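Now for the letters of each chain:
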Amino acid sequence: MKPVSRFRPGFRWDDVALEPYKPEDAHYRDVSRQVLFGADAGLAAELRYFEIAPGGWTTLERHAHVHAVLVLRGAGRVLVGEALFDVAPFDRVRVPPRTWHQLRAADDAPLGFLCLVDALRDRPERPGPDDLAALRADPERAAFLRV
Ligand code: MN
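Within each chain, residue numbers correspond to sequence positions counted from 1 in written order. It should be noted that, the model being predicted, local features are given only for residues of pLDDT at least 70 and side-chain atom pairs only at 80 or more, the latter also being counted only at that level, while totals for whole chains, interfaces and linings use all residues. Water and hydrogen atoms play no part in the side-chain values, which are based on all heavy atoms of the structure.

Digging into unusual backbone geometry
Under the convention used in this document: Secondary structure elements follow DSSP: runs of H or I of four or more residues count as helices, runs of E of two or more count as strands, with numbering from the N terminus.
Despite not being glycine, aspartate 30 has its phi angle at roughly 60°, a positive value. Mapped onto the elements of the fold, aspartate 30 is located in strand E4 (residues 29-37).

Laid out in structure tokens, this is it:
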């Protein structure tokens, strides 16, 4: 990779591809991914920039690896475990191991964020019927969740 990739309007970086979020997974809406530091960066971690378009959401999932998230753009709401949080630029979000999580952009703003993960990580797990029933036990969570 080149030493410097310029940041461009629209939250794009030179020499960084704009990728679909998870082509194999239809349980999200309007999410793009740019891998800023990937396998070729020589790290045990990867740093990605995700952007959720207004009204969109990421997959509701959990896994053993953690997410270290730093919001960079827009506004939205996140589920971490049993709790919901409104988030704004430069808020820090940590998703612990084996913790259900979902991020949603506001209806009138995107939600752009950096996400740091282990380079070697387990595959996400989606909720089963019992998991969903437990998550939906709270009305506010039930209204938030998209599956
Ligand atoms: Mn995840």
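What follows picks up the thread again.
Remarks on the side chain of arginine 62
Applicable threshold: The cut-offs for exposure are 20% and 50% of the maximum accessible area for each residue type, with area from a 1.4 Å probe on protein chains only; residues under the lower value are buried, those over the upper are exposed, and the others partly exposed. The criterion used for residue contact is that any of the two residues' heavy atoms lie within 4.5 Å.
By secondary structure assignment, the location of arginine 62 is in the loop between strand E5 (45-57) and strand E6 (67-74). Looking at arginine 62, the relative accessible area reads 18%, which means it is buried. Residues in contact with arginine 62, not counting those within four places in the same chain, are Arg98, Thr99, Trp100, His101, Pro124, Glu125 and Asp131.

Observations concerning the coordination of the manganese ion
Our working definition: Sodium, potassium and calcium take a 3.2 Å donor cutoff, other metals 2.8 Å, and in both cases only N, O and S atoms count; water is not among them, so sites may look incomplete.
Around the manganese ion, the protein contributes the donor atoms Glu61 (OE), His63 (NE2), His67 (NE2) and His101 (NE2), at 1.9 to 2.2 Å from the metal centre. Site description for the manganese ion: donor spacing in sequence, E-x1-H-x3-H-x33-H. Here the two residues glutamate 61 and histidine 63 agree in accessibility, since each one is buried.

Regarding the layout of surface pockets
The criterion, for reference: Of the grid points, spaced at 1 Å and generated over the protein atoms alone, those admitting a 1.4 Å probe that cannot get out make up cavities, while open sets with protein on both sides within 12 Å along at least five of seven lines make up pockets; any residue with an atom within 4 Å of a point is treated as lining. Grid points are joined across faces, edges and corners, and a volume is the space filled by probe spheres set on the points.
The space that makes up the largest pocket amounts to roughly 570 Å³. In this structure, the largest pocket is lined by 29 residues; those nearest its centre are Tyr21, Lys22, Arg48, Glu61 and Pro124. No other element matches strand E7 (residues 76-80), which puts three residues into the lining of the largest pocket. In this model, the second largest pocket occupies a volume close to 230 Å³. Forming the walls of the second largest pocket are Met1, Lys2, Pro3, Ser5, Trp13, Asp15, Val16, Val35, Leu36, Phe37, Gly38 and Asp40.

Points about the packing of aromatic side chains
Selection rule: Two rings from Phe, Tyr or Trp (for Trp, the six-membered ring) form a pair when their centres are within 6.5 Å of each other. A pair whose planes differ by under 30 degrees is stacked, one over 60 is edge-to-face, and the rest are tilted.
A complete count under the given rule lists eight aromatic pairs for this structure. Pairing tyrosine 21 with phenylalanine 50 gives two aromatic rings, centres 5.7 Å apart and planes at 90°, and the pair type is edge-to-face. Placement of tyrosine 21 in the loop between strand E3 (19-20) and E4 and of phenylalanine 50 in strand E5 is noted, with a sequence separation of 29 residues between them. On the accessibility criterion, phenylalanine 50 (5% relative accessible area) is buried.

Here's the deal with the nonpolar core
Short version of the rule: Take the buried residues of types Ala, Val, Leu, Ile, Met, Phe, Trp, Tyr and Cys, join any two whose side-chain atoms come within 4.5 Å, and each joined set is a nonpolar core.
Grouped together as the largest cluster of nonpolar side chains are 17 residues, with contacts concentrated most on Ile52, Val93, Leu111 and Phe113. For this core, the secondary structure elements donating two or more residues are E5, E6, E7, strand E9 (92-95), strand E10 (101-105) and strand E11 (111-118). For this core, the element with the highest residue contribution is E11, accounting for four residues. Setting aside anything within four residues of it in sequence, one finds phenylalanine 113 in contact with Arg48, Tyr49, Phe50, Ile52, Thr58, Val69, Leu70, Val71, Leu72 and Leu103. The next biggest cluster of nonpolar side chains, apart from the first, holds eight residues, and it includes Leu84, Leu132, Leu135 and Leu145.

Description of the environment of arginine 92
Along the polypeptide, arginine 92 turns up in strand E9. Classification of arginine 92 by relative accessible area gives exposed; the value is 77%. Beyond its immediate sequence surroundings of up to four residues, arginine 92 is in contact with Val69 and Leu70.

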